[in-house]
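Remarks on the overall topology
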Amino acid sequence: MARITVDGKIIEAQEGASVLQACLQNGIYIPHLCHLEGVGDPPASCRLCFVEINGKKKPVASCNTPVVEGLEIWTDGEAVRRLQRTGLRLLLSVHKVECKVCPSNRKCPLQDMARFLGVRLKPRRFQHIHRPRPRLADSGLFDYRPDRCVLCGQCIRVCEERNRLPLLTFAMRGFDTVVASFPREDLEPGMDCRLCLACVDTCPVSALSFRPDRKDVPR
Ligand code: SF4
Ligand code: SF4
Ligand code: FES
């Protein structure tokens, strides 16, 4: 175990764990989205989990900063909060906020972060970007909502972890980026999305949902 200081308080953390994990395990909240506990290294793509570390000039992503004995960390500096608010506003600018009809309502990381950072959940009209809505390449089993998807990549990573090869991937670029699925012809026997659905369970914003009505769809 290593001893680190977070916001002036000394905590014990597993050496080699990330600063984000150490803080969360000790009840210190850091906004985050692409980190998925127990599933490999985070891609550090959501750019929300910033902290300041003594000796470093700029805030760093806490999810890919390992715990080292003696580290001194600040989670709530002005620069950190500015970056987090900007990151969250960017996500919300492409996310259709419709909490009342959303299955993620009340267990949603966007709601939690907006509350924590004092950011408006529903951006003003001119700050919102309407995205085109291409569907998953093979959308037979799933409904995919690009206007909800925040591109956290959790579905892709959990699928890869569970099935040893990802059946999902990011497709296209920039504002057009969506989650798409690979063709399924080469799946090993016994591999069947209907028996897994880890991606649907993992999606934090209900951008993926199962379509039980499509029993006819080949796996
Ligand atoms: S994902 Fe969260 S913020 Fe978005 S509509 Fe659902 S509950 Fe609301
Ligand atoms: S579908 Fe859900 S889990 Fe997958 S990238 Fe989009 S928001 Fe993340
Ligand atoms: S959780 Fe660290 S960048 Fe997403």
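One structure accompanies this document, and this report is about it. Since we're looking at a predicted model, the values are computed, not measured.

Quick look at the site of ligand 2 now. The immediate surroundings of ligand 2 are formed by 13 residues, with Cys 149, Cys 152, Gly 153, Cys 155 and Cys 203 found nearest. Looking at side-chain class alone, the shell around ligand 2 contains 12 nonpolar, one polar and no charged residues.

Right, let's talk about the environment of Ile 4 for a bit. Mapping Ile 4 onto the fold places it in strand β1 (residues 2–6). For Ile 4 and Cys 23, which are 19 residues apart along the polypeptide, the C-alpha to C-alpha distance reads 10.0 Å.

Tallying each qualifying case throughout the model produces one aromatic pair. Both rings, one in Tyr 29 and one in Phe 116, keep their centres 4.7 Å apart while their planes meet at 85°; by these two values the pair is edge-to-face. With Tyr 29 in the loop between α1 (19–25) and β3 (50–53) and Phe 116 in helix α3 (residues 109–117), this residue pair connects regions lying 87 residues apart in the sequence. You can call Tyr 29 partly exposed: its relative accessible area is 28%. Phe 116 gets classed as partly exposed once you look at its relative accessible area, which sits at 38%.

All right, on to the sheet that holds β3 then. Strand order in the open sheet made by the five strands is β2-β1-β5-β3-β4, with mixed pairing throughout. For this open sheet the edge positions go to β2 (9–13) and β4 (60–61), each flanked by a neighbour on one side alone. Bridge count for β1 against β2 is five bridges, and the pairing is antiparallel. Each residue of the ladder has a partner; that of Val 6, found in β2, is Lys 9. Along the sheet face, helix α2 (residues 78–93) touches β3 and β5 (72–74) and points at about 160° away from the line of β3.

About the criteria used
- Residues numbered from 1 in each chain as written.
- Chains lettered and ligands numbered in written order.
- Predicted model: local features only at pLDDT ≥ 70, side-chain atom pairs only at ≥ 80, totals over all residues.
- Heavy atoms only, no water.
- Near = heavy atom within 4 Å.
- Nonpolar A, V, L, I, M, F, W, Y, C, P; charged D, E, K, R; others polar.
- Helix = DSSP H or I, 4+ residues; strand = E, 2+ residues; numbered from the N terminus.
- Phe/Tyr/Trp six-rings, centres within 6.5 Å; stacked < 30°, edge-to-face > 60°.
- Buried < 20%, exposed > 50% of the residue type's maximum accessible area, 1.4 Å probe, protein only.
- Pairing = 2+ DSSP bridges.
- Contact = heavy atoms within 4.5 Å.
- Axes fitted to C-alpha atoms, helices over the stretch in contact; angles between N-to-C directions.

The values are spatial; any link to function lies outside them.
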